[in-house]
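# Descriptive analysis of the structure
Take a look at the letters that make up each chain.
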Amino acid sequence: MHTDEYEISLAREINVCKRVIQQTQTKLTERRQRFAMDLPQARKAVAEGNLAIDARELAEWHDDFEALPQWEQRLEQYREALALMRISAS
């Protein structure tokens with residue numbers, strides 16, 4: 001069963017995913033530039049005492065790093081669902 005409401009809802013979810021992905025990528029890029037390293041390098045530097053970073057910020061960096069692929073996967077699933085819905089409506 002296909003209704004415009006389902007298609008509209010999926011389109012909204014796609015937009016939410018895109019926005020969250022963009023925001024997360026921006027935060028990761030900013031941290032990469034500010035600390036001149038990626039998260040795995042930062043973790044190692046903290047463990048070795050070579051990087052002073054707030055534990056909360058390191059945790060947020062980790063959360064963003066872990067969340068990005070999940071949001072990208074969710075986006076792909078919504079895109080596939082929308083494509084299938086459009087095919088079935090034709």
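It should be emphasised that the depicted structure is a prediction, and the values quoted were computed from it without experimental measurement.

### Re helix 2 (residues 39-47)
Residues of helix 2 that are buried: L39, A42 and A45. Here the buried residues of helix 2 occupy an arc of 120° about the axis, which is enough to place them on one side. Within helix 2, the exposed residues directed more than 90 degrees away from the buried face are K44 and A47. Just downstream of helix 2 lies G49, where phi reads positive at about 80°.

### Some remarks on the pattern of salt bridges
Evaluated as defined, the whole model comprises nine salt bridges. Between R31 and D64 there is a salt bridge, with its nearest N and O atoms 2.8 Å apart. Here D64 lies in helix 3 (residues 55-89) and R31 lies in helix 1 (residues 4-35), a separation of 33 residues in the sequence. The network of salt bridges with shared partners includes K27, R31, R34, D54, R56, E57, E60 and D64.

### Here's the deal with the confidence of the model for the protein chain
Confidence along the protein chain averages 93 in pLDDT terms, with 96% of residues attaining 70 or more. By mean pLDDT, helix 3 is the weakest element of the protein chain at 93, and helix 1 is the strongest at 96.

### Quick notes on the nonpolar core
Counting 18 residues, the largest nonpolar core has F35, M37, L51, I53 and W61 as the members making the most contacts within it. Apart from residues lying up to four places away in sequence, W61 is in contact with L28, R31, R32, F35, M37, D38, L39, A42 and I53.

### Some words on the environment of L28
Assignment of secondary structure puts L28 in helix 1. A residue is classified by how much of its surface remains accessible, and L28, at 7% relative accessible area, is buried. Contacts of L28, omitting those with residues within four sequence positions, involve W61, D64, F65 and L68.

### Describing unusual backbone geometry
Even without a glycine there, the phi angle at A36 is positive, about 55°. On the basis of relative accessible area, A36 is assigned to the exposed category, the value being 67%.

### Some points on helix 1
Given 3.6 residues to a turn, an α-helix orients residues that are three or four positions apart in the same direction. The first and last C-alpha atoms of helix 1 sit 47 Å apart over 32 residues, in line with the 46 Å expected at 1.5 Å per residue. Residues of helix 1 that are buried include every one of L10, I14, C17, V20, I21, T24, L28, R31 and F35, and no others. In the segment just after helix 1, A36 is the residue with positive phi, at about 55°.

Rules behind the numbers
- Residues numbered from 1 in each chain as written.
- Predicted model: local features only at pLDDT ≥ 70, side-chain atom pairs only at ≥ 80, totals over all residues.
- Heavy atoms only, no water.
- Buried < 20%, exposed > 50% of the residue type's maximum accessible area, 1.4 Å probe, protein only.
- Helix = DSSP H or I, 4+ residues; strand = E, 2+ residues; numbered from the N terminus.
- Arc of directions from axis to C-beta.
- Salt bridge = Lys/Arg side-chain N within 4 Å of Asp/Glu carboxyl O.
- pLDDT = per-residue confidence, 0-100.
- Core = buried A, V, L, I, M, F, W, Y, C linked by side-chain atoms within 4.5 Å.
- Contact = heavy atoms within 4.5 Å.
- Expected span 1.5 Å × (residues − 1).

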